[in-house]
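Single-letter residue listing:
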Amino acid sequence: MKQFWVDARPWNKEIVTTAIESGADAVVADRAGDVKRLGRITTVAPDGDRIPGKDVIECTITDKASENEAAQKGKNRIVIVTTSDWTVIPLENLVAQSDKIVAAVKNVHEAELALHVLEKGVFGILLKTTDPAVVKAVAALIKNASGSVQLIPFTVTKIQPVGMGDRVCVDTCSMLADGDGMLMGNTSSAMLLVHAETLENPYVAPRPFRVNAGAVHAYILMPDGKTAYLSDLSIGGQVLVADHRGTARSAIVGRTKIERRPLLLVEAEGGGAKASLILQNAETIRLVAPDGSAISVVNLAPGHTILGCALEGGRHFGMPVKETIREK
């Protein structure tokens, strides 16, 4: 999820209030106390949560030398970049070198350009405006933005009960739809798309906010491309939700439930990768077919086609690393 910051310098109470109500991630101000009196939000201020000149650097790009300076500073800290004549090329060069670039913009058009620079876009944007309507419009652009994951078909090769174990339900603060799910795997190199509990069942009411995800040890793909263990998810965190077309978005974790249940192992192959996942052995646990339909694990058989993704294997604290790591 891209960061959405709002510049409240000089002080503008209406802009700050609108930023907080619109779900902004941070407010840049001269005094953090002014902001904190209006609501809980991260502040960038001399007395704030992030300190200008220390945690956050501001740079104005006027030529190649200043661009190079911003790129160098962006290796270790967040850099707010202002261009003298708002252009894309300097941002492209900076985004290619740093994942910590925040582009200063004045309107929706500039924000949209910055968010799609080199496809991946900037780390975030800093909006400077005196119009609350612009704050709301840019917030909607960012908060409703969706990313994508490259899903590929996997052919099921094995389904086997493995006994009792602890599995995790992930309950989100979002209503999920048919075809939505989360990507999980026993290894970080390949994951399977597990369907949300959106479907009717004679015995259990739908829980359209939930994905009955897998065993506690499994990896889950996160919105930033990192992985986490299912057992490490916590209230208020974010998870990645994807549909069968690969359209992805973030969802807030409302809670997780870890319970002892009968488990089964699913193995599949696709795109030269081998995926496996341990799931609860119950009819309401489903994987996703290429057309978006859900296949219950009790009906799953070798030869069935399900969706997943192949990733760079080997992780250190959720991040891919270039070292000798073998997962099996």
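Residues numbered from 1 in each chain as written. Predicted model: local features only at pLDDT ≥ 70, side-chain atom pairs only at ≥ 80, totals over all residues. Heavy atoms only, no water.

Details of the overall build of the protein chain
And step 1. Of regular secondary structure, the protein chain possesses six helices and 22 strands.
And step 2. Against the compact-globule benchmark of 20 Å for 328 residues, the protein chain has a radius of gyration of 22 Å, which places it among compact chains.
And step 3. Counting every position in the protein chain, which comprises 328 residues, the buried fraction comes to 48%.
And step 4. Of all intrachain contacts in the protein chain linking residues separated by at least 6 positions in sequence, the fraction that spans at least 24 positions is 55%.
And step 5. Taken as a whole, the protein chain presents about 15600 Å² of accessible surface, with 50% of it coming from carbon and sulfur.
And step 6. The averaged location of the 37 negative side-chain charges in the protein chain is 5 Å from the averaged location of its 36 positive side-chain charges. (Helix = DSSP H or I, 4+ residues; strand = E, 2+ residues; numbered from the N terminus. Rg over C-alpha atoms; globule rule 2.2 N^0.38 Å. Buried < 20%, exposed > 50% of the residue type's maximum accessible area, 1.4 Å probe, protein only. Contact = heavy atoms within 4.5 Å. Areas by Shrake-Rupley, 256 points an atom, 1.4 Å probe, with all protein chains shown as cover. Lys, Arg positive; Asp, Glu negative; His and termini not counted. Charge placed at Lys NZ, Arg CZ, Asp CG, Glu CD.)

A look at helix α4 (residues 88-97)
And step 1. Along α4, the residues classified as buried are P90, L91, L94 and V95. Looking down the long axis of α4, one finds its buried residues gathered within 130° of arc, a one-sided arrangement. Opposite the buried face of α4, at more than 90 degrees from it, the exposed residues are I89 and A96.
And step 2. Structurally, α4 contributes buried residues whose contacts are with β4 (56-61), α3 (64-73), β5 (78-83), β6 (101-105) and α5 (108-115). (Arc of directions from axis to C-beta.)

Concerning the packing of aromatic side chains
And step 1. A complete count under the given rule lists one aromatic pair for this structure.
And step 2. Consider the rings of Y219 and Y229, whose centres lie 5.3 Å apart with planes at 25°: the pair is stacked. A residue pair is termed long-range when its members are at least 10 positions apart, and Y219 in strand β13 (residues 219-221) and Y229 in strand β14 (residues 227-229) qualify at 10 residues.
And step 3. Residue class for Y219 comes out buried when judged on its relative accessible area of 10%.
And step 4. Given the relative accessible area of 40%, Y229 is considered partly exposed. (Phe/Tyr/Trp six-rings, centres within 6.5 Å; stacked < 30°, edge-to-face > 60°.)

What to know about the packing of α3 against α4
And step 1. Interhelical geometry of α3 versus α4 gives an angle of 30° and a closest axis separation of 9 Å. Classed by the angle they form, the pair α3 and α4 counts as roughly parallel. Between α3 and α4 the crossing geometry is right-handed. Every residue of α4 that contacts α3 at K64, E67, A70 and A71 is listed here: P90, N93, L94 and Q97.
And step 2. Looking at the contact of α3 with α4, its residues break down into four nonpolar, two polar and two charged. (Axes fitted to C-alpha atoms, helices over the stretch in contact; angles between N-to-C directions. Parallel < 35°, antiparallel > 145°, perpendicular 65-115°, else oblique. Left-handed = near helix turned anticlockwise from the far one by under 90°. Nonpolar A, V, L, I, M, F, W, Y, C, P; charged D, E, K, R; others polar.)

Concerning the nonpolar core
And step 1. Within the largest apolar cluster, 39 residues are counted, with the highest numbers of intra-cluster contacts made by F154, M184, I220, L230 and I306.
And step 2. Broken down by secondary-structure element, the contributors of at least two residues to this core are β9 (152-172), β10 (181-185), β11 (190-195), β12 (210-215), β15 (238-242), β16 (247-270) and β17 (273-280).
And step 3. Leaving out residues up to four positions away in the same chain, I220 has contacts with M182, L183, M184, M191, K226, T227, A228, L230, L233 and V239.
And step 4. Counting 36 residues, the second largest nonpolar core, distinct from the first, contains F4, A8, A29 and L127. (Core = buried A, V, L, I, M, F, W, Y, C linked by side-chain atoms within 4.5 Å.)

Regarding the sheet that holds strand β3 (residues 42-44)
What holds strands together in a sheet is hydrogen bonding between their backbones, with the strands either parallel or antiparallel.
And step 1. Strand order in the open sheet formed by seven strands is β3-β2-β1-β7-β6-β5-β4, and the pairing between neighbours is parallel. Either end of the sheet is taken by a strand with one partner, and the two such strands are β3 and β4. Each strand axis lies, on average, 25° off the axis of its neighbour in the sheet, ignoring direction.
And step 2. Helix α6 (residues 132-143) rests against β1 (3-7) and β7 (124-127) of the sheet, and its axis sits at about 170° to β1. (Pairing = 2+ DSSP bridges.)

Details of the pairing of β10
And step 1. Counting buried positions along β10 yields five of five residues, so the element is predominantly enclosed.
And step 2. Hairpin connection, β10 to β11: the antiparallel pair is bridged by four residues.
And step 3. Bridging between β10 and β13 involves two bridges; their strand directions are antiparallel. Following the sheet pairing, G185 is matched in β13 by Y219.

Focus on the pairing of β5
And step 1. Of all six residues that make up β5, five are buried, and the element is covered over most of its length.
And step 2. In this sheet, β5 lies alongside β4 in parallel orientation, the contact comprising six bridges. Paired with I61 across the strands is T83, a residue of β5.
And step 3. Taken together, β4, α3 and β5 form a β-α-β motif whose crossover is right-handed.
And step 4. Sheet topology places β5 next to β6; three bridges connect them, and they run parallel. If you follow V81 over to β6, its bridge partner there is A103. (Right-handed = clockwise from strand over helix to strand, strands pointing away.)

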